[in-house]
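Reading the structure
Given next are the chains, with one letter for each unit.
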Amino acid sequence: MKTQQFVVIGLGRFGSSLALELMDLGYEVLGVDRNEEVVEEWSDRLTHAVVADATDEEVLKSLGVRNFDCGIVAIGNDIQMSILSAILLKDLGIKTVVAKAISVLHGRALEKLGVDRVIFPERDMGVRVAHQLVTPNLLDYIELSKEYRLVEMRVPQCLDGKNVGDLNPRARFGCSIVAIHRENGVIIAPTAMDHLILGDIMVIIGAKKNIDEFEAIIND
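The paragraphs below set out a description of the structure included in this document. Computed from a predicted model, the values in this text were never measured in an experiment.

Take the nonpolar core next. Core analysis: the biggest nonpolar cluster contains 24 residues, and Val7, Ile9, Leu60, Val65, Leu89, Leu110 and Val115 have the highest contact counts within it. If you list the elements that add at least two residues to this core, you get β1 (5-9), β2 (28-33), α4 (79-91) and β5 (96-100). The element best represented in this core is α4, accounting for four residues. Beyond its immediate stretch of four places on either side in the chain, Leu60 contacts Ala54, Val65, Leu88, Leu89 and Leu92. Judged by nonpolar contacts, the second largest core, of 16 residues, contains Ile177, Leu196, Ile204 and Ile218.

A pair of packed helices can be characterised by two numbers: the angle between their axes and the separation between those axes. It is at 10 Å that the axes of α4 and helix α5 (residues 104-112) come closest, and there the two elements cross at 15 degrees. Here α4 is positioned roughly parallel relative to α5, judged by the angle of their axes. Crossing hand, α4 versus α5: right-handed. In this structure, α4 uses Ile79, Ser82, Ile83 and Ala86 to contact α5, whose residues at the interface are His106, Ala109 and Leu110. Per-class residue counts for the contact of α4 with α5 are five nonpolar, two polar and no charged.

This part is about the packing of aromatic side chains. What the rule picks out here adds up to two aromatic pairs. Each ring, one from Phe6 and one from Tyr27, has its centre 5.5 Å from the other, and the planes form 75 degrees; the classification is edge-to-face. Placement of the pair is Phe6 in strand β1 and Tyr27 in the loop between α1 (13-24) and β2, with a sequence separation of 21 residues. Taking relative accessible area as the criterion, Phe6 reaches 10% and is therefore assigned buried. Under the relative-accessibility criterion, Tyr27 is labelled partly exposed at 31%. Taking the centre distance of 5.2 Å and the plane angle of 80 degrees together, the rings of Phe173 and Phe214 count as edge-to-face. In this pair, Phe173 is assigned in helix α8 (residues 169-173) and Phe214 in helix α9 (residues 208-218), connecting sequence segments 41 residues apart. Judged by relative accessible area, which is 5%, Phe173 ranks as buried.

How each quantity is defined
Residues numbered from 1 in each chain as written. Predicted model: local features only at pLDDT ≥ 70, side-chain atom pairs only at ≥ 80, totals over all residues. Heavy atoms only, no water. Core = buried A, V, L, I, M, F, W, Y, C linked by side-chain atoms within 4.5 Å. Buried < 20%, exposed > 50% of the residue type's maximum accessible area, 1.4 Å probe, protein only. Helix = DSSP H or I, 4+ residues; strand = E, 2+ residues; numbered from the N terminus. Contact = heavy atoms within 4.5 Å. Axes fitted to C-alpha atoms, helices over the stretch in contact; angles between N-to-C directions. Parallel < 35°, antiparallel > 145°, perpendicular 65-115°, else oblique. Left-handed = near helix turned anticlockwise from the far one by under 90°. Nonpolar A, V, L, I, M, F, W, Y, C, P; charged D, E, K, R; others polar. Phe/Tyr/Trp six-rings, centres within 6.5 Å; stacked < 30°, edge-to-face > 60°.

Structure, rendered in structure tokens:
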């Protein structure tokens, strides 16, 4: 079976971190950056790393970029280079193009170009940290849309020993526990009879207002 291949353009803090994580997950990664020192730093840790101008179509063609499954534009503050790179990746026919945006306007431009997913690393991390600070049991927070989100929440003392049926989050709060992580494994789609244990991590999905209400009740 062919291993999925990613090309990451821009090996700054965000790009290099993403590239390394993809490598750790078992995928092949080509890193591209204009800075020779940066490329040397990551050359031994990625499948391939090359010094190249990602705004030059002929250069990207020579690297075989069109054969990759996903292209990630992780360029830092050079908006023009980010946009040009994204355009070329789309034109070369890469199935999925993801790009980092540093402002709302930058993000809108990328969306209009047809980028499949626009990421705002600093903004998204700020949102997660804010929610974690005001909700002690909240471990992670992912906004699925303007209305819906997915959260990881640690089971507090007040829920220790209760089963999912006792809590009945769907009927009471309009949200669902879709998984429970504990030391000895993961329970996917828990039933009403599955018990919650202090320290378990609940994966909850639902509308923002419903999850906020659920959080408020169990942290009261």
